[in-house]
Amino acid sequence: MKIILVDGYNVIHASSSLRALLSKSVYKAQAKLVEMICSHCSLQNIKACIVFDAYRGEGAERKEEVSPLVSVVYTGKGKTADSFIESFIAKHKSNYSLIYVITSDLAEGMTVLDERIIPVSPKNFLKEVKTSLNFISKSYSPRAKPFVYHLISGDVLRRIREEKLSKDKRKS
């Protein structure tokens, strides 16, 4: 079994469109990234854990299962995405044949080097995700989005639907 560990804000900052969303709303940028990764993972049949750090924020760590393949972790106060990823690898490395670590932090990539742990830059990961999204849009009708949406649940789905309604209202 394989898993992708994603430093969410590293990927958001590597994408001009996600950065633009981030300037409007943290939640919109997060929801869009989660939506993209859910589609990618459903096509590739691979698990992912997207980590958003709350290093300066308040509150305890929380985890949301947004689909059977994708979970989102919001770290607790004082914990970075990198420290969560390192801890996850230390605890769960034996459970996976391959672990892809998506981060722009070179030090993080270097500390997790192992034959089963593959560091990937956020830009290269975004290229893979965009390839999956293009395949989905070309291979299925425009109405294929529900194929992926039925896998997303919880607060993330609510935020994605709210954003879509907001976008539809602006178009009309």
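Up top you'll find the structure we're talking about.
Given the structure is predicted, the values throughout are model-derived calculations rather than measurements.

What counts and how
- Residues numbered from 1 in each chain as written.
- Predicted model: local features only at pLDDT ≥ 70, side-chain atom pairs only at ≥ 80, totals over all residues.
- Heavy atoms only, no water.
- Helix = DSSP H or I, 4+ residues; strand = E, 2+ residues; numbered from the N terminus.
- Buried < 20%, exposed > 50% of the residue type's maximum accessible area, 1.4 Å probe, protein only.
- Contact = heavy atoms within 4.5 Å.
- Core = buried A, V, L, I, M, F, W, Y, C linked by side-chain atoms within 4.5 Å.
- Phe/Tyr/Trp six-rings, centres within 6.5 Å; stacked < 30°, edge-to-face > 60°.
- Arc of directions from axis to C-beta.
- Pairing = 2+ DSSP bridges.

Student: So what exactly am I meant to see when it comes to the overall build of the protein chain here?
Tutor: Within the protein chain, the secondary structure is distributed over eight helices and six strands. Shown N-terminal to C-terminal, the secondary structure of the protein chain runs as helices and strands in the order β-α-α-α-β-β-β-α-β-α-β-α-α-α. Every one of the 172 residues in the protein chain was classed for burial, and the buried ones make up 45%. Across the protein chain, contacts joining residues at least 24 apart in sequence account for 54% of those joining residues at least 6 apart.

Student: Even after reading the chapter, I still don't get the nonpolar core, so can you show me in this structure?
Tutor: Side chains of nonpolar character tend, in soluble globular proteins, to be buried together. Ranked by size, the top nonpolar core spans 30 residues in total, and within it Ile37, Ile50, Phe52, Val70 and Phe125 carry the most contacts. Those elements giving two or more residues to this core turn out to be strand E1 (2-7), helix H1 (8-14), helix H2 (16-24), helix H3 (26-44), strand E2 (47-52), strand E4 (70-74) and helix H6 (122-139). Examining the composition of this core, we find that seven residues originate from one element, H3, more than from any other. Setting aside its immediate chain neighbours within four residues, Ile37 contacts Val6, Ala48, Ile50, Val70 and Phe125.

Student: Help me out: how do you make sense of the packing of aromatic side chains in this one?
Tutor: Two measures describe an aromatic ring pair: the distance that separates the ring centres and the angle between the ring planes. Under the defined criterion, the tally for this structure stands at four aromatic pairs. Ring plane angle 25° and centroid distance 5.8 Å describe the contact between Phe52 and Tyr74, whose orientation is recorded as stacked. You can see Phe52 sitting in strand E2 and its partner Tyr74 sitting in strand E4, a full 22 residues away along the chain. Across this residue pair, the class does not change: Phe52 and Tyr74 are buried. Linked through ring pairs, Tyr9, Phe52 and Tyr74 together constitute an aromatic cluster.

Student: Can you help me understand H2 in this one?
Tutor: The α-helix winds at 3.6 residues per turn, so residues separated by three or four positions along the chain end up facing the same way. The set of residues buried in H2 consists of Leu18, Leu21 and Leu22. Angularly, the buried residues of H2 cover 105° about the axis, an arc narrow enough to put them on a single face. Exposed positions of H2 whose direction lies more than 90 degrees from the buried face are Ser16, Ser23 and Lys24. Those residues of H2 that are buried are in contact with H1, H3 and H6.

Student: Just checking my understanding: could you explain the pairing of E2 for this structure?
Tutor: Every regular strand shows the same layout, with side chains that alternate between the two sheet faces. Burial analysis of E2 places five of its six residues in the buried class, which makes it a mostly covered element. Sheet topology note: the E1/E2 ladder contains five bridges and is parallel. Across the sheet, residue Leu5 finds its bridge partner in E2, namely Cys49. Note: E2 against E4, five bridges, orientation parallel. Paired with Ala48 across the two strands is Val70, which belongs to E4.

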